[in-house]
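Close look at the chain arrangement
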Amino acid sequence: MSYQQDLIICRELGERHGESRALNSLGVALQQVQRFDEAIEAHQQDLVTCRELGERHAEGQALNNLGTALQQVQRFDEAIDAHQQAAARFTELGDHHREGQALNNLGTASQQVRRFEEAIDAHQQAAARFTALGDHHREGQALNNLGTASQQVRRFDEAIDAHQQAAARFAELGDHDGEGRALNNLGTALQQVRRFEEAIDAHQQAAARFAELGDHDGEGRALNNLGTALQQVRRFEEAIDAHQQAAARFMELGDHEGEGRALNNLGMALQQVRRFDEAIDAHQQAAARFAEMSDDEGRVLNNLGTALQSRGLWRVRKGKSQSEAKGQSDGKGQSDGKGDASSDVKIRGERLVPLIVDIPSGSSAVSASTTTAASSSPEPAAKMEVIPLTPLDESSSAQADLQMGNKRWGRRRKAQDPVLSDDR
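This text gives an overview of the structure that appears in the document. (Residues numbered from 1 in each chain as written. Predicted model: local features only at pLDDT ≥ 70, side-chain atom pairs only at ≥ 80, totals over all residues. Heavy atoms only, no water.)

Counting its regular elements, the protein chain contains 16 helices and zero strands. Split into buried and exposed, the 424 residues of the protein chain put 56% on the buried side. (Helix = DSSP H or I, 4+ residues; strand = E, 2+ residues; numbered from the N terminus. Buried < 20%, exposed > 50% of the residue type's maximum accessible area, 1.4 Å probe, protein only.)

Locating H83 in the fold gives a position in helix 5 (residues 76-93). By relative accessible area, which is 0% here, H83 ends up buried. A distance of 3.1 Å separates the side chain of H83 from the side chain of N64, its partner in a polar contact. In contact with H83, other than residues within four places in its own chain, are N64, G67, T68, Q71, A102, N105, L106 and A109. (Polar contact = N/O pair within 3.5 Å; in protein donor to acceptor, adjacent residues only side chain to side chain. Contact = heavy atoms within 4.5 Å.)

For the rest of this paragraph, the subject is the pattern of salt bridges. Any two side chains of opposite charge can pair, on the condition that their charged atoms come close. All told, the structure shown has 27 salt bridges when counted by the stated rule. Between R16 and E19 there is a salt bridge, with the nearest N and O atoms lying 3.3 Å from each other. Of the two residues, R16 and E19 are both situated in helix 2 (residues 16-32); the distance of three residues between them amounts to about one turn of the helix. With relative accessibility at 31%, the residue R16 sits in the partly exposed group. Salt-bridge contacts for E179 lead to R209; the nearest nitrogen and oxygen are separated by 3.1 Å. Taken together, the positions of E179 in helix 10 (residues 176-192) and R209 in helix 11 (residues 196-213) put the pair 30 residues apart, joining distant regions of the chain. Like E179, the residue R209 is buried in the burial classification. Through salt bridges with shared partners, a single network forms among R51, R56, E59, R89 and E92. (Salt bridge = Lys/Arg side-chain N within 4 Å of Asp/Glu carboxyl O.)

Looking now at the packing of helix 4 (residues 56-72) against helix 6 (residues 96-112). Helix 6 packs onto helix 4 with a crossing angle of 25° between their chain directions and a minimal axis gap of 10 Å. As summarised for this structure, helix 4 and helix 6 are arranged roughly parallel, according to the angle between their axes. The interaxial crossing formed by helix 4 with helix 6 has left-handed handedness. Facing H57, Q61, N64, T68 and Q71 of helix 4, the residues of helix 6 in contact are R98, Q101, A102, N105, T108 and A109. (Axes fitted to C-alpha atoms, helices over the stretch in contact; angles between N-to-C directions. Parallel < 35°, antiparallel > 145°, perpendicular 65-115°, else oblique. Left-handed = near helix turned anticlockwise from the far one by under 90°.)

Bringing helix 6 into the picture now. The end-to-end C-alpha distance of helix 6, which contains 17 residues, comes to 24 Å, matching closely the 24 Å that a straight helix rising 1.5 Å per residue would cover. Buried residues dominate helix 6, accounting for 15 of its 17 residues. Two residues or fewer after helix 6 comes R114, characterised by a positive phi angle close to 65°. (Expected span 1.5 Å × (residues − 1).)

In this section: the environment of Q31. With respect to the element layout, Q31 can be found in helix 2. The sequence separation of Q31 and A69 amounts to 38 residues, and the corresponding C-alpha distance is 6.7 Å. Here N65 takes part through its backbone oxygen, which lies 3.2 Å from a polar atom of the side chain of Q31.

Taking 1.5 Å of rise per residue, 17 residues should cover 24 Å, and helix 10 covers 24 Å from first to last C-alpha, within 8% of that figure. Counting buried positions along helix 10 yields 14 of 17 residues, so the element is predominantly enclosed. Measuring from the side-chain oxygen of the N-cap residue of helix 10 to the backbone nitrogen of D177 gives 3.2 Å; that N-cap residue is D175. In the stretch just after helix 10, R194 is the one whose phi turns positive, near 65°.

Positive phi outside glycine occurs at Q34, with the angle close to 65°. Judged by its relative accessible area of 54%, Q34 is exposed. The residue R234 is not glycine, and still its phi comes out positive at about 65°. Residue placement: R234 occurs in the loop between helix 12 (216-232) and helix 13 (236-253).

In structure tokens, the structure reads:
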């Protein structure tokens, strides 16, 4: 790695400022290849060097980059401290652009430890900095992250507004990836306030954006969320198609968690149209996927149980109706109007539990649950995706995304990507 060679040369020459720059670049590069522990060490060394030299601006960058690496290995409290210090340094220096970056990263780390009010404040400040600077791309990213944090504390109207603004910023810039993520998150917030038709439109647009980009992971998450919204307005055949497509996308990617969630939701939709054998098969496959990860298997097995019970009751009801019909044709029985084979089968006291993918990076879509008439328990929170701010390698003007290594809010494949400070 050329940065390592630069570091060696600077140390041999005693060029401390060059050593600091090389350490910063090395740490950024190590994060790009997911060697996070080594990146942390490089940024820590850089921080020590910057403080010895009294380089406050470089110190702020080292702190911010250290925080991003710490987030990658889920050392969130340390990351929060690093981003707070970085933001303070940039505030003192009047560097509002990097202050905004540090604040947005502070918000993402705060969300990871469920300090949502602090996260909201940090993302709001970050969005304000970028708005004032005319940086609409980062403004959109901060707004989207603000929306995810607002959803976590059930401030859904504020979340909807933030996601709508974010989607508009990305659309203006032609950033279809960012737009797709913001639209998908907008759909989850709209589902929470039961604006399902608008949610359907948002998820459809999101799926289209991801499909255009060939992003099958994002497309799968949007399709799965689309299916949950369609179930809420009883468009079950369309929901089945959406969940099937989502499951196929995740299967292609080898994403067993996403596939399991889509299959579980597919089973729920199939139950609603009384295709119980197919529903049982979908729930069995979902349970198998989660058994591999020891994750959510119990919830899926609950849904499998309702499908099995529904199939049994439906068969009993159909058999009884056919028997009564035969008896009437033989003149041996009279209908009391209660044996109609078209009557709905209801499972008292049971609940179908949706598992919503995405997402998050992420961070909860709406729980578009399909319940029985007897169920009134609160819906579980689904997943949102926090849109990343993109890092800048100090040796180049090209932007490159980093992927967080943590899973969901407790276990998820994608999370928010912090932004690294760029050149000095």
